[in-house]
Amino acid sequence: MPDQFTLASAAADSILARAPLSPTLGIILGSGLGNFADHIEDPTIILYANIPHFPRSTVAGHAGQLVLGSIGGTFVAAMQGRVHLYEGYPIDLVTFPTRVLGLLGCRTLIVTNAAGGIRPTIPQGSLVAISDHINLTGTNAAAGPNEPRFAVAPDSAQRFFDMSSAYSPRLRALAHAEAAKQNIPLTDGVYLAVVGPSFETPAEIRAFRTLGADLVGMSTVHEVIVARHMGIEVLGLSLVTNLAAGVTPPGAAQPNTIHHEEVMTIGRRVEAQFTALLTALIPQLTPAP
Ligand code: HPA
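None of these values were measured; they are calculated from a predicted model.

**Q** Explain the packing of aromatic side chains to me, please; I cannot follow it from the model alone.
**A** Centre-to-centre distance and the angle between the planes together describe a pair of aromatic rings. For the structure on display, the rule yields four aromatic pairs. Relative to Phe150, the ring of Phe5 lies with its centre 5.3 Å away and its plane at 70°, an arrangement referred to as edge-to-face. In this pair, Phe5 is assigned in helix α1 (residues 4-16) and Phe150 in the loop between β6 (127-135) and α4 (169-181), connecting sequence segments 145 residues apart. In this structure, Phe5 and Phe150 share a single accessibility class: buried. The interplanar angle of 80° and the centroid separation of 6.1 Å between the aromatic rings of Phe54 and Phe96 together place this pair among those described as edge-to-face.

Structure below.
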């Protein structure tokens with residue numbers, strides 16, 4: 001079996017052969033947020049099924065295609081749909097698309113997801129800028145032989161690498177400034193990742209709150225780990241599609257239960273805000289000097 005770098009390079013070469021330009025910014029669109037890709041100008045659309053070695057999503061709400069094109073002059077590559085550990089994919093496949101985005105030329109990555117809200121002051125439908133994460137999936141995507149050829153920035157792709165500013169304070173500040181300009185509420189939050197696919201129990205959510213988590217979800221952390229390994233700057237945005245298990249909404253008598261349909265419906269409702277924010281923000285996110 002060829003190594004992951006060889007496979008990811010083959011995938012990147014195959015994409016570049018069909019794209020007019022190299023993307024400088026990658027976007028991973030989570031559940032309910034995939035329609036953002038419809039706003040990309042002059043799109044080149046490539047099905048994951050037509051990219052060598054690329055994994056295919058099995059989840060409703062994940063289209064499974066890469067959309068390359070322009071947003072206000074920035075050439076982007078947007079993933080409509082991702083794969084998750086809970087689908088049974090090995091971690092190397094979960095992070096394969098992120099490796100490919102780096103090899104395509106992306107120096108900035110926007111990761112988005114649907115998440116459950118743990119902090120009661122974050123209402124359903126909120127957009128949250130991820131400030132940090134807690135990885136409770138029991139695995140790490142950078143484990144295994146270190147591959148220095150994945151470096152896209154100087155001094156990256158080291159065996160051990162810093163995660164203290166994994167979610168770029170610079171990009172987060174730009175996101176907050178743009179959200180304020182557009183009157184879109186945006187708060188910071190710590191994202192905790194589990195494997196899923198079961199939603200959490202109320203006892204788990206109480207434990208996660210004690211650990212310092214504001215949001216819970218089943219994606220993102222491994223993509224961010226490999227992006228940081230490669231030296232890519234990351235902005236993480238969560239859409240709070242539901243309150244986490246056992247969290248009682250303000251004014252409600254009962255804690256809520258969670259359904260995947262709710263995740264999709266809330267995504268569609270917040271889509272206009274999400275699109276307006278990202279469309280204005282992306283042209284400002286040129287790589288740090
Ligand atoms: N838990 C885990 N993942 C999620 C949730 C949740 O409540 N909502 C959306 N993704």
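Now that the structure has been shown, the text picks up again.
**Q** Mind showing me how you'd approach the layout of surface pockets here?
**A** A probe as big as a water molecule, rolled over the atoms, marks out the empty space that is left. Here the largest pocket is characterised by a volume of approximately 370 Å³. Around the largest pocket, the lining comprises 22 residues; the ones closest to its centre are Ala153, Ser156, Arg228, Gly231 and Glu233. For the lining of the largest pocket, the elements supplying multiple residues, two or more each, are α4, α6 (221-230) and β9 (233-243). Its residues placed into classes, the lining of the largest pocket shows 10 nonpolar, six polar and six charged.

**Q** Any chance you could explain the pairing of strand β4 (residues 74-80) here in plain terms?
**A** Where a strand is regular, its side chains alternate between the two sheet faces. By the criterion of burial, β4 is predominantly enclosed, with seven of the seven residues buried. Across the two faces of β4 the burial is the same, with Thr74, Val76, Ala78 and Gln80 and Phe75, Ala77 and Met79 all buried. Pairing analysis gives seven bridges linking strand β3 (residues 65-71) to β4, with the strands arranged antiparallel. Following the sheet pairing, Gly69 is matched in β4 by Val76.

**Q** What is the right way to look at empty space enclosed by the protein in this model?
**A** Under the criterion given, the structure shown has one cavity of 30 Å³ or more. Considering only enclosed or pocket space, the largest cavity measures out at about 80 Å³ in volume. The leading source of residues in the lining of the largest cavity is α6, at three residues. Taken together, the residues that form the lining of the largest cavity break down as seven nonpolar, five polar and two charged.

**Q** How should I be thinking about helix α3 (residues 96-104) in this particular structure?
**A** The periodicity of an α-helix, 3.6 residues per turn, causes residues three or four positions apart to be oriented the same way. Counting buried residues in α3 gives eight out of nine residues, a clear majority hidden from the surface. Within α3 the residues assigned to the buried category are Phe96, Pro97, Thr98, Arg99, Val100, Leu101, Gly102 and Leu104. Count one or two residues on from α3 and you reach Gly105, which has phi positive near 125°.

**Q** I'm lost on the packing of α1 against α3 in this one. Help?
**A** Axes are the key here: two packed helices are described by the angle between their axes and the distance separating the axes. Taken N-terminus to C-terminus, the directions of α1 and α3 make an angle of 60°; their axes are 9 Å apart at the nearest point. In terms of axis orientation, α1 runs oblique to α3. Viewed along their axes, α1 and α3 form a crossing whose handedness is right-handed. In this structure, α1 contributes Gln4, Phe5, Leu7, Ala8, Ser9, Ala11, Ala12, Ile15 and Leu16 to the contact, and α3 contributes Phe96, Arg99, Val100, Leu103 and Leu104. Tallied by class, the residues present in the contact of α1 with α3 amount to 11 nonpolar, two polar and one charged.

**Q** Would you mind showing me how to read the pattern of salt bridges here?
**A** Pairs can form between side chains of opposite charge once their charged atoms are near each other. Using the criterion set out here, one finds seven salt bridges in the structure. A salt bridge links Asp214 to Arg119, with the shortest nitrogen-to-oxygen separation between them at 3.0 Å. Taken together, the positions of Asp214 in the loop between α5 (202-211) and β8 (215-217) and Arg119 in the loop between β5 (108-117) and β6 put the pair 95 residues apart, joining distant regions of the chain. Its salt-bridge partner being Glu178, residue Lys181 comes within 3.9 Å of it at the nearest N-O pair. Placement of the pair is Lys181 and Glu178 together in helix α4, with a separation of three residues, close to one helical turn.

**Q** Is there a simple way to think about the site of the ligand in this case?
**A** Taken together, 12 residues sit near the ligand, with Ala114, Gly116, Glu200, Gly217 and Asn242 positioned nearest. Asn242 places a polar side-chain atom, nitrogen or oxygen, 2.7 Å from a nitrogen atom of the ligand. Among the secondary structure elements, those contributing two or more residues to the shell around the ligand are β5, β8 and β9. Its residues assigned to classes, the shell around the ligand comprises seven nonpolar, four polar and one charged.

**Q** Could you clarify how one ought to interpret the confidence of the model for the protein in this entry?
**A** Close inspection of predicted coordinates is inappropriate for parts of the model with low pLDDT. Averaged over all residues, the pLDDT of the protein equals 91, while 96% of them reach at least 70. Averaged over each element, pLDDT in the protein is lowest for helix α7 (residues 260-281) (83) and highest for α6 (98).

**Q** What should I look at first to understand the packing of α3 against α6 in this one?
**A** Where α3 contacts α6, the axes come no closer than 9 Å and their chain directions differ by 30°. The angle between α3 and α6 places the two elements in the roughly parallel class. With respect to the hand of their crossing, α3 and α6 are arranged in right-handed fashion. Across the interface between the two elements, Thr98, Arg99, Gly102 and Leu103 from α3 touch Glu223, Val226, Ala227, His229 and Met230 from α6. Residue classes in the contact of α3 with α6 are distributed as four nonpolar, three polar and two charged.

Procedures and definitions
- Residues numbered from 1 in each chain as written.
- Predicted model: local features only at pLDDT ≥ 70, side-chain atom pairs only at ≥ 80, totals over all residues.
- Heavy atoms only, no water.
- Phe/Tyr/Trp six-rings, centres within 6.5 Å; stacked < 30°, edge-to-face > 60°.
- Helix = DSSP H or I, 4+ residues; strand = E, 2+ residues; numbered from the N terminus.
- Buried < 20%, exposed > 50% of the residue type's maximum accessible area, 1.4 Å probe, protein only.
- 1 Å grid on protein atoms, 1.4 Å probe; cavity = no way out; pocket = protein on both sides within 12 Å on 5 of 7 lines; lining within 4 Å.
- Points joined across faces, edges and corners; volume = space filled by probe spheres on them.
- Nonpolar A, V, L, I, M, F, W, Y, C, P; charged D, E, K, R; others polar.
- Pairing = 2+ DSSP bridges.
- Axes fitted to C-alpha atoms, helices over the stretch in contact; angles between N-to-C directions.
- Parallel < 35°, antiparallel > 145°, perpendicular 65-115°, else oblique.
- Left-handed = near helix turned anticlockwise from the far one by under 90°.
- Contact = heavy atoms within 4.5 Å.
- Salt bridge = Lys/Arg side-chain N within 4 Å of Asp/Glu carboxyl O.
- Near = heavy atom within 4 Å.
- Polar contact = N/O pair within 3.5 Å; in protein donor to acceptor, adjacent residues only side chain to side chain.
- pLDDT = per-residue confidence, 0-100.

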